[in-house]
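# A look at the structure
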Amino acid sequence: LQWGSQAFKNMRIIPPGSGIIHQVNLEYLARVVFDQDGYYYPDSLVGTDSHTTMIDGLGVLGWGVGGIEAEAVMLGQPISMVLPEVLGYKLTGNPHPLVTSTDIVLTVTKHLRQIGVVGKFVEFYGPGVAQLSIADRATIANMCPEYGATAAFFPVDLVSVEYLRQTGRADEKVNYIQKYLEAAGLFRDFNNAEQDPDFTQVVELDLATVVPCCSGPKRPQDKVTVSDMKTDFETSLGAK
């Protein structure tokens, strides 16, 4: 397959066993910024899997579409979409040391389901975002289908750039990615409120309020705090 791929432009083969497709995309494929014959432009993505949105955690705008749309894009054709509302999700505070990324994800997911974000883009901003690793951000973005948004976007910052270096991207590429995004006004310092965009709607979460929690067992969107597990289990046991 790798030998055969030499017959095509812009094609990479990743060996089996390297991870799930979205992990491979994060660690190997995503460019963040394209270099096309000396012209630079932001990377974007449409995929045929609903969890395509995982790449939004690295600052690549992506979402899941149907097979026909994806085939059109593969053949170089545009796809059209209704200009979405963009909801700003402001994160503040520092998470407790015992809180995991899963706890944060379940809290954010339940919050966004209550607000109602179907058909909207969600963009995360605020000083709390700087406290999240790319793994945390990708996990939150990966849950996008659970709260119904089209995309859950984390703009590129220094944490994103460091992740690119950690995953073996060439220094030359990482440098032009940062320079281009800074020049285009797309590189973010989440501690600088002056860089915050204007959103259709703004909601806020203090990460310090997130507590250890579980979900399920039947419905993964049902968040239950660990302190309430016993009561909830006993209640659910007898319920149809």
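Structure: see above.
So, a few notes on the structure that sits alongside this text.

About the thresholds
Residues numbered from 1 in each chain as written. Predicted model: local features only at pLDDT ≥ 70, side-chain atom pairs only at ≥ 80, totals over all residues. Heavy atoms only, no water. Helix = DSSP H or I, 4+ residues; strand = E, 2+ residues; numbered from the N terminus. Rg over C-alpha atoms; globule rule 2.2 N^0.38 Å. Buried < 20%, exposed > 50% of the residue type's maximum accessible area, 1.4 Å probe, protein only. Contact = heavy atoms within 4.5 Å. Areas by Shrake-Rupley, 256 points an atom, 1.4 Å probe, with all protein chains shown as cover. Lys, Arg positive; Asp, Glu negative; His and termini not counted. Charge placed at Lys NZ, Arg CZ, Asp CG, Glu CD. Pairing = 2+ DSSP bridges. Right-handed = clockwise from strand over helix to strand, strands pointing away.

### Here's the deal with the overall build of the protein chain
Secondary structure assignment for the protein chain yields eight helices and ten strands. Here the protein chain has a C-alpha radius of gyration of 19 Å; the compact-globule value for 240 residues is 18 Å, and the two agree. Across the 240 residues of the protein chain, 38% fall into the buried class. Considering only contacts in the protein chain between residues 6 or more positions apart, those separated by 24 or more positions represent 69%. Approximately 14,000 Å² of the protein chain is accessible, and the part contributed by carbon and sulfur atoms is 55%. Positive and negative side-chain charges in the protein chain, numbering 18 and 28 respectively, have mean positions lying 5 Å apart.

### Some remarks on the pairing of strand β5 (residues 86–92)
With respect to burial, β5 is a largely interior element, five of its seven residues being buried. With five bridges joining them, β5 and strand β6 (residues 121–125) adopt parallel strand pairing. The residue of β6 that forms the bridge with L87 is V122. Note that the unit made of β5, helix α3 (residues 101–115) and β6 has a crossover that is right-handed.

Geometry only, nothing functional implied.
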